[in-house]
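Report on the structure
Now for the letters of each chain:
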Amino acid sequence: MENVKGKTPSESAVETRYLIMPHHANPQGTAFGGVIMSWIDIVAGMAAQRHTGCEVVTASIDSLSFKAPIRIGDHVTLRASVNYVSRTSMEVGVQVTRENPYDGKQTRATTAHLTFVALDKNKKPTPVLPIIPETPLEKKRYKNAELRVKSRKELLKQIQENETDNKD
Ligand SMILES: CC(C)(COP(=O)(O)OP(=O)(O)OC[C@H]1O[C@@H](n2cnc3c(N)ncnc32)[C@H](O)[C@@H]1OP(=O)(O)O)[C@@H](O)C(=O)NCCC(=O)NCCS
């Protein structure tokens, strides 16, 4: 039965795998960042849908770090989970790991944080179930996401104040 008080991150987490083919590559022969970004958006959106049971839209990509290149022939695993929920929006974190299929060596290749907004039947933002972090890792991700959300809102507020102050 569904937990009406909220859901844990593991209840909506999504994991998917791809094999990097030549048509995923850039002229340097490594995975094209735009392809990885689209996979990140898809897997993160699926986690947001599973958490909310609603239609969701990507509101922002808050951070994206390409830490290591991914080569043709590598296996890529994308893991997405909801880190934090505000009112109608939520942060989803995605980790991308590359794996050499011959020696099994795994390397963290990309990390991203995205904000999704849940929409009702009229395509208007609608409140989201709370997230219930359980494990130490989930609790750490929740706290870090909360810091990112608060600092993003504070920055936006300061920029808006600055624009109001400097209006001619
Ligand atoms: C995202 C969207 C639904 C927000 O609509 P809105 O009328 O601005 O809604 P609100 O001002 O009521 O904000 C709703 C929530 O979205 C959040 N939000 C709005 N714009 C945001 C942004 N750029 N980044 C992060 N969060 C954002 C707000 O903080 C708020 O969160 P909260 O309820 O948890 O506090 C709207 O801007 C939209 O439809 N954007 C296009 C989405 C899209 O097409 N994505 C695919 C791009 S290819």
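The preceding data block contains the structure.
Below or above, wherever it landed, is the structure these notes cover. (Residues numbered from 1 in each chain as written. Predicted model: local features only at pLDDT ≥ 70, side-chain atom pairs only at ≥ 80, totals over all residues. Heavy atoms only, no water.)

Considering the nonpolar core
Judged by nonpolar contacts, the single largest core of 29 residues is most densely connected at Met90, Val92 and Val94. Sorting elements by how many residues they give to this core places helix α2 (residues 33-52) first, with eight residues. (Core = buried A, V, L, I, M, F, W, Y, C linked by side-chain atoms within 4.5 Å. Buried < 20%, exposed > 50% of the residue type's maximum accessible area, 1.4 Å probe, protein only. Helix = DSSP H or I, 4+ residues; strand = E, 2+ residues; numbered from the N terminus.)

Let's talk about the pairing of strand β4 (residues 89-99)
By the criterion of burial, β4 is predominantly enclosed, with ten of the eleven residues buried. The pairing of strand β3 (residues 75-85) with β4 spans ten bridges and is antiparallel. Looking across to β4, one finds that Thr77 is bridged to Thr97. In textbook terms, the turn of a hairpin is the stretch between consecutive antiparallel strands, and for β3 and β4 this stretch comprises three residues. In terms of strand pairing, β4 meets strand β5 (residues 106-119) through eleven bridges, oriented antiparallel. Looking across to β5, one finds that Ser89 is bridged to Val117. (Pairing = 2+ DSSP bridges.)

Considerations on the site of the ligand
Neighbouring the ligand are 14 residues, the closest being Thr58, Ser86, Arg87, Thr88 and Ser89. Separating a nitrogen atom of the ligand from a backbone N or O atom of Thr58 is a distance of 2.9 Å. Lys153 is positioned with one of its side-chain polar atoms (N or O) 3.5 Å from an oxygen atom of the ligand. Coverage of the ligand by the protein chains reaches 46% of its 940 Å² of free accessible surface. Of all the secondary-structure elements, those providing two or more residues to the shell around the ligand are β2 (55-66), β5 and α3 (136-165). Element by element, the count of residues in the shell around the ligand is highest for β2, at four residues. Among the residues making up the shell around the ligand, the classes are represented as five nonpolar, six polar and three charged. (Near = heavy atom within 4 Å. Polar contact = N/O pair within 3.5 Å; in protein donor to acceptor, adjacent residues only side chain to side chain. Areas by Shrake-Rupley, 256 points an atom, 1.4 Å probe, with all protein chains shown as cover. Nonpolar A, V, L, I, M, F, W, Y, C, P; charged D, E, K, R; others polar.)

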